[in-house]
Amino acid sequence: MEFRLLGTVSVDTRTGPLPLGPAKRRSLLAALLLSANTPVPVARLTDSLWGEEPPPRARGVIQGHVSRLRALLTGAEAQAYGVELVTLGDAYVLRVPETLLDYQRFEELLMLARQQRSAADTVRMLDDALSLWQGPALGGTFTEGPLQAAAHTLEESRLATVEELARAYADLGEHHRAASVLRAEAVAHPMRESLAAALILALYRAGRQSEALDWFHRTRRLLADELGIDPGHELADAYALILRGGPRPGAAPAGGTDAAGASRAGTGPAEGAGTTAPPGPRVPAAHNPSVAPHPTDLLPRAPRGFHGRNAELAALTRAAAGEAPVCLVTGPAGVGKTSLALQWAHHNPGAFPDGRLFADLRGFSETGEPALIDVLREFLLALGVAPRRVPESVSAAAALFRSLTDRRRLLVVLDNARDSATVRALLPGGTDCVTLVTSRNRLEGLIASDAARPVPLGILEPQDGTALLAGVLGEERILAEPVAARRLAELCGGLPLALRVTAARLAGRPQWTLAGLADELADERGRLTFLDVDDTGVSAALRLTVQQLPADAVRQLARLGHHPGGHFDPYTCAALAGTDPAAAAAALERLGSAHLVTETAPGRWVLHDLVRLYARGLDPASGAEALVDVLDHYIATALAAADTAEPGGEPCFVLPEGYRPAAVRDFADRAAAMHWLATERDDLARAAVAARGAGLHDRAWRIILLQWPQVVWRVRDSWAPLLELALDSARAKQDLYAESRVLNLLGWVLTEEGRTAEALTLLERSPGLAQQAGDRLGEATALINLAVVQAGQGELDRALEGCGRAVVLAREEEDRHTEMLALQHLARLQLSAQRPGDALGSARTALALGPEHEEAARRSLLLAVSGEARLALGEEDEGILLLDRAAEEAEHAGYDEGAVRALEALLRVSARAEYRTRHALALRRLTDGG
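Here the structure is a predicted model, which is why all the values come from computation and not from measurement. (Residues numbered from 1 in each chain as written. Predicted model: local features only at pLDDT ≥ 70, side-chain atom pairs only at ≥ 80, totals over all residues. Heavy atoms only, no water.)

Student: Lay out the overall build of the protein chain in plain terms, naming residues and giving numbers.
Tutor: Of regular secondary structure, the protein chain possesses 45 helices and 17 strands. Over its C-alpha trace the protein chain gives a radius of gyration of 39 Å, far above what one expects of a compact globule, namely 30 Å for 930 residues. Residues counted as buried form 53% of the 930 residues belonging to the protein chain. In the protein chain, once contacts between residues fewer than 6 apart in sequence are set aside, the share between residues at least 24 apart is 68%. (Helix = DSSP H or I, 4+ residues; strand = E, 2+ residues; numbered from the N terminus. Rg over C-alpha atoms; globule rule 2.2 N^0.38 Å. Buried < 20%, exposed > 50% of the residue type's maximum accessible area, 1.4 Å probe, protein only. Contact = heavy atoms within 4.5 Å.)

Here is the structure:
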């Protein structure tokens, strides 16, 4: 006895198939067999037989069919085979050995095939598995709902098995058989890309490249017409392999020729090697007497010393797999766009049997762009149009070009395009044509109008940069100085043009060392000069880009050259150029479109090092003014951030002389302000260093000190070196206020880092300096920080006295923020002095000073002190409750240090697993830097 689902649903016996009757009964049997040996509820059977609209007496109909099936099985002596149809409550179960189910045997053979080590054995097993299929799965049933899904799953499994069988044939080298197996299924399932991809590869490996390309284009057109989509990665990758001339078993050896293929492609033996691809459909000469078939190749020679760019080459190949694709290679001057385009074009001659056209549109050239009619005339002549037949107008010539390319497989390379309109007039008409455009501009209009697929080109990684140098200088010279070679690649900023100029200088001077030239390039003042040779160089390339820009964008670029940081936003740019953020944002977009600046995140831009040096030379006289403007912008923005992050807690210093801030961003809340301080930390540090280097010490210490909310938040995040720079600047200005304030913050940071002795030396001087400067709040802060160190040294009485004095000073100045801070530390000291009642009182007073929605970190610490005081007073439940609240508030605010402290106190009195888990998580966040 055998139950079949792989074809028409049937039950075969020794005397022939059972007469199952109507489709509903076959559907019922199929549903039971698909869940063999598992109870199937009546509701699921109802769904399988009727879907969402069952008849009123569906249950009775099912019972009748079950009865008839049971009678048929009994009459065929099914019990002798271990087959039984049983009722279990509101369900039925068909008990049947899996060996009697054809789909189970199919799965078993598949599993066995995948375990074979021999491809020949795999083929035999897969053949046996596929021989079980007698037609579409679940034939003769109502395949709706669950049965339809099951039929689809089984069919998917069959098709996957066909693909496995083809791969097994390929492993045996029998590519013709693989193609034969796949073709029938690819015809039956034309929208299944995996089948088409497998067939294309089988045909290609069987030496039938023309058929493979035809099948690809046939599938691509079908996908476009029926679904409006381009080929997916699997199909595009198969096409890419053919374009790359990838490994093909049994192919002619490298350098072999195929005369017919070479003549048809219009290439010499070297480029037409091994290809047998016939030309695509073209306009017959008899119907167009002015044109004779004349495949041509206008490509310049392939680039020498090309290296790397594998990801971009692959991206180009994928982009070229669409319908009438326009591939757009964009990037800054000197990044190697033309080299990439030519490398790709030369590597794929067989894909374009009707020719390859090339035009340098000179969009960024001092000689100016060629006239469109001249480019079109060259293209039309190359395609065989008689000179007297070339139209005189651009529109007519473009129309003729489109009609001639309508049914051809042609590559058109348009190099150095300046704008989208120029490119549109030169686009071919054929859906099998590929257009490859390079530009320093993003050409977003071409993306919008012609679905151009952008392939952005960035700088080379250091290893690829050194490989490029080796291609010119030889491996021996690079291996002799590997460290210097890598340094040269980095100083050239990964820009291929700069690397080639550097290599040219070294190649002509064998007595020079790489290290010596690297030392020369390290000096920014002369770097661009070294990167120019004859009429080629970075400066020349950048000049051609900049001369295309409007005056406001050039001014913005010139000022950006004097920016001391690594990143900038429209507000920073506005400050540098003396404009408003909206105008600065527009200028940045223009510069970004020309690839002179790069947007790394929304509203956040960077400048390549070599572009920065060039920009600085555009207006060197404005450097000092630009630096002051950007420093004042940072001071104004940091003031706004500190005020938002900790309202009322910022240092109340007098603004520097000549201070002139530009527009300042608004911060919506504390989180936004703290995010800005964290994100801009490196640039703020660079700005401070630049300020000190320019003698602007009054701005240097302010920029650093204004980061105090972030210092407090991440106190162990290596702030000491920056604060020491601020201290040097404060002392250079002989500013007692500044020196005291910086000493306060630096001393506290050193205390938290465990450098107590250094902290004590600094903090002992701070209260006196603040007093001399008349800074009573600064004196209070200094007393607080000093008290913390004194307590750590065992001088608890002096610490309590100093903290008490700080509370008084803050109250006299009516500064709630500083008073809250002093009370927090006083409470902690009172707790250490075994005075929990006083500690609880101080903490309560402090908490009453600040609203609940403010000072999250401070509130967490005060709640923790209160909780510990309650524990010390024997009020354990209340203490645990307060400590839990302290930890929760710290966790909610992202104050990991406060969370760790509160949870450590909790773990001393409670063994709850939740506290251990939260403590571990907070500690990990703190260790990882947030």
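From this point on, the discussion continues.
Student: Got a sec to walk through the environment of Ala890? Specific residues and values, please.
Tutor: Considering the arrangement of structural elements, one finds Ala890 in helix α43 (residues 876–893). Look at Ala890 and you get buried, because its relative accessible area is 1%. Taking the C-alpha atoms as reference, Ala890 lies 55 Å from Gly51; in sequence the two are 839 residues apart. Residues within four places of Ala890 in sequence aside, it is in contact with Ser860, Tyr895, Gly898 and Ala899.

Student: Residues and numbers for the pattern of salt bridges, please.
Tutor: Scanning all chains against the criterion turns up 63 salt bridges. With its nearest N and O atoms 2.9 Å apart, the salt bridge here joins Arg4 to Asp12. For Asp12, a relative accessible area of 24% corresponds to the partly exposed category. For Glu868, the salt bridge is made with Arg828, and the minimal N-O distance between the two is 3.1 Å. (Salt bridge = Lys/Arg side-chain N within 4 Å of Asp/Glu carboxyl O.)

Student: Describe the packing of aromatic side chains, listing the residues and the values that go with them.
Tutor: Inspection of every chain in the model, using the stated rule, returns seven aromatic pairs. Seen from their ring centres, Phe216 and Tyr239 are 4.0 Å apart, and the 5° between their planes marks the pair as stacked. Separated by 23 residues along the polypeptide, Phe216 in helix α9 (residues 209–227) and Tyr239 in helix α10 (residues 233–244) bring together distant segments of the chain. Taken as a pair, Phe216 and Tyr239 share a single burial class, namely buried. With centroids separated by 6.1 Å and ring planes inclined at 55°, the aromatic side chains of Trp344 and Phe352 adopt a geometry described as tilted. Taken individually, Trp344 and Phe352 each receive the classification buried, so the pair is uniform in this respect. A cation over a ring is seen here: Arg158 above Trp133, with NZ or CZ 5.8 Å from the ring centre. Geometry around Trp719 places Arg681 over its ring, the cationic atom sitting 3.7 Å from the centre. (Phe/Tyr/Trp six-rings, centres within 6.5 Å; stacked < 30°, edge-to-face > 60°. Lys NZ or Arg CZ within 6 Å of the ring centre and 35° of its normal.)

Student: Can you explain the nonpolar core? Please cite residues and give values.
Tutor: The biggest cluster of nonpolar side chains holds 220 residues, and the ones touching the most others in it are Phe3, Leu138 and Trp344. In terms of residue count, helix α29 (residues 623–645) provides more of this core than any other element does, 11 residues in total. Counting residues in hydrophobic clusters, the runner-up holds 39 residues, among them Leu821, Leu831, Val865 and Ala902. (Core = buried A, V, L, I, M, F, W, Y, C linked by side-chain atoms within 4.5 Å.)

Student: Please set out unusual backbone geometry residue by residue, giving values where relevant.
Tutor: Positive phi, normally seen in glycine, also occurs at Leu138, with a value near 60°. Structurally, the position occupied by Leu138 is in the loop between α5 (119–131) and α6 (146–171). Even without being a glycine, Ser718 presents a positive backbone phi close to 55°. Along the polypeptide, Ser718 turns up in the loop between α33 (708–713) and α34 (720–732). The exposure class assigned to Ser718 is exposed, which follows from its relative accessible area of 52%.

Student: Now, about a nonpolar patch on the surface: what can you tell me, with residues and values included?
Tutor: On the surface, Met191, Leu227 and Ile229 cluster together into a nonpolar patch covering about 240 Å² of accessible area. Looking at where Met191 falls in the secondary structure, it is placed in the loop between α7 (175–188) and α8 (193–205). (Patch = residues over 30% accessible without salt bridge, like charges linked within 9 Å, V, L, I, M, F, W, Y side chains within 5 Å. Areas by Shrake-Rupley, 256 points an atom, 1.4 Å probe, with all protein chains shown as cover.)

Student: Summarise helix α40 (residues 816–832); cite the residues concerned and give the values.
Tutor: Between the first and last C-alpha of α40 there are 24 Å, a value that for 17 residues agrees with the 24 Å anticipated at 1.5 Å per step. Among the 17 residues that make up α40, 14 are buried, leaving the element largely enclosed by the rest of the structure. For α40, the N-terminal capping position is held by Asp815, with its side-chain oxygen 3.3 Å away from the main-chain nitrogen of His817. After α40 finishes, the residue Gln834 shows a positive phi value of roughly 60°. (Expected span 1.5 Å × (residues − 1). Polar contact = N/O pair within 3.5 Å; in protein donor to acceptor, adjacent residues only side chain to side chain.)

Student: Outline the sheet that holds strand β2 (residues 10–13), supporting the account with residue identities and numerical values.
Tutor: Taken together, three strands build an open sheet; the order of strands is β1-β2-β3 and the sheet is antiparallel. Edge positions in the sheet fall to β1 (2–4) and β3 (16–17), since each has one partner strand and no second. With three bridges connecting them, β1 and β2 associate as antiparallel partners. Paired with Phe3 across the two strands is Val11, which belongs to β2. (Pairing = 2+ DSSP bridges.)

Student: Pulling in residues and values, what's your account of the sheet that holds strand β5 (residues 84–88)?
Tutor: What the three strands build is an open sheet, ordered β4-β6-β5; its pairing is antiparallel. The sheet is open, and its two edges are formed by β4 (40–41) and β5, each paired on a single side.

Student: Just give me the short version of the side chain of Thr637, but keep the residues and values in it.
Tutor: As for its position among the elements, Thr637 is in helix α29. You can call Thr637 buried: its relative accessible area is 1%. Residues in contact with Thr637, not counting those within four places in the same chain, are Val664, Arg665, Phe667 and Trp676.

Student: Any details on the pairing of strand β10 (residues 411–415)? Residues and values, ideally.
Tutor: One face of the sheet, then the other: side chains in a regular strand alternate in exactly this way. With five of five residues buried, β10 is to be regarded as a mostly interior element. Judged by which residues are buried, β10 turns out to be covered on both faces: Leu411, Val413 and Asp415 on one side and Val412 and Leu414 on the other are all buried. Bridge analysis of strand β9 (residues 355–360) against β10 gives five bridges, and the strand direction is parallel. If you follow Arg356 over to β10, its bridge partner there is Leu411.

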